[in-house]
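The primary structure of each chain is shown beneath.
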Amino acid sequence: MSINRRSVLLGASAGLLAAPFIRPGAARAAEFTYKLANNQPMEHPSNVRGGEAVKAILEETGGRMDIQIFPSNQLGADTDVLSQLRAGGVEFFLLSPLILSTLVPNASINGIGFAFPDYDAVWKAMDGELGAYARGQIENAGLVVMDKIWDNGFRQITSSTRPIVTPADLEGFKIRVPVSPLWTSMFTAFGSAPTSINFAEVYPALQTGVVDGQENPLAIIKVAKMWEVQKYISLTNHMWDGFWMLGNRRAWAALPEDIQEVVAKHFNAAAENQRADIMALNASLRSELEGQGFAINEVDPAPFEAKLREAGFYAEWKKTYGEEAWAKLEGAVGRELA
Ligand code: X2X
């Protein structure tokens, strides 16, 4: 036997032996190999639970449906991946409704400042009428969306220069905001200097001082190791944000109905588990982040909301979203906002 033929055979048999240990059920090529993109590292609950879901989907479809996760913006910044999703280069994308609003304007309505008092109100709204309204808008724009929204969280402001305690502390504050008109509008109403930056560029922007602060939920402040480039966290809870599990319509329609059902079932179950993970992190992360050197303060949200109202923020967005959508938001939160 020639050396070449011998090494080929060895390689082949090693491959056969190794395959079942690497990917159970995927010894044969899958019928459908789809990509799932997002902006968080593998340790974020979105990818921990997302990973469980794609494994369960592979198993339950007998290896026919293989979804591969591309975390940490590996396929591009969010606004680029949204274009890829529309074109079909990416089949699934876990994306903030506010960033999605660059394509589906009214999808951002959950992000109105200080609208939701707590998680009970959030899930009632997003699993109820407000969420159904948002999904209708998303489908009208030609995308597929799963029923259950995932949790990003209530957002908190971090800073390298000063703690944010009153609305006056936000005046002139150089803050990164995600790419979305609602975010820019909100921090403009506070008198800040907001700069739209995709998440993929946030850490270097903070590190080089392009901006002095940013805002994100505690879970992301942790997995992005922001204590390395930020000093203060102000618990402003200024808005709630989530992630919709979006799909490309042609890629979805190409799946047989039984596979669609398995995919939807596991993605929606993962969303419920991911919500519970973020809830648990909210409770434990405060002391952990203090241990990493963050100075953390609470704020009275009332003057912040009053500042937005004075600036005409609520009136402006009521006009932008329209009466129907605004009534659904007010119905969900149980009070008049504008
Ligand atoms: O970009 C952000 O800040 C993030 C990760 O929270 C979103 O996806 C909106």
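The notes below deal with the structure included here. Treat the numbers as computed from the prediction; the structure is a model and nothing was measured.

## Considering helix 11 (residues 257-291)
An ideal rise of 1.5 Å per residue puts 51 Å on 35 residues; helix 11 measures up with 49 Å between its terminal C-alpha atoms. Gly293 occupies a position one or two residues after helix 11 and carries a positive phi of about 110°.

## Quick word on the site of the ligand
If you check the shell around the ligand, you find 14 residues, and the closest are Asn39, Asn152, Arg155, Arg176 and Asn216. With respect to the ligand, the side chain of Asn152 contributes an N or O atom lying 3.0 Å from an oxygen atom. Class assignment for the residues of the shell around the ligand results in six nonpolar, five polar and three charged. There are two domains that each give the shell around the ligand at least three residues, and those are domain 1 (5-104 + 117-152 + 242-282) and domain 2 (156-239 + 289-333).

## Considering the packing of aromatic side chains
For the structure shown, the criterion picks out 14 aromatic pairs. With a centroid separation of 6.4 Å and 20° between ring planes, the pair formed by Tyr321 and Trp326 is classed as stacked. When sorted by exposure, Tyr321 lands in the same class as Trp326, which is buried. Pairwise contacts between aromatic rings join Phe32, Tyr34, Phe92, Trp252 and Phe267 into one cluster. Over the ring of Trp123 we find Arg275, and its NZ or CZ is 3.9 Å from the ring centre.

Rules and cut-offs
- Residues numbered from 1 in each chain as written.
- Predicted model: local features only at pLDDT ≥ 70, side-chain atom pairs only at ≥ 80, totals over all residues.
- Heavy atoms only, no water.
- Helix = DSSP H or I, 4+ residues; strand = E, 2+ residues; numbered from the N terminus.
- Expected span 1.5 Å × (residues − 1).
- Near = heavy atom within 4 Å.
- Polar contact = N/O pair within 3.5 Å; in protein donor to acceptor, adjacent residues only side chain to side chain.
- Nonpolar A, V, L, I, M, F, W, Y, C, P; charged D, E, K, R; others polar.
- Domains from an automatic or database assignment.
- Phe/Tyr/Trp six-rings, centres within 6.5 Å; stacked < 30°, edge-to-face > 60°.
- Buried < 20%, exposed > 50% of the residue type's maximum accessible area, 1.4 Å probe, protein only.
- Lys NZ or Arg CZ within 6 Å of the ring centre and 35° of its normal.

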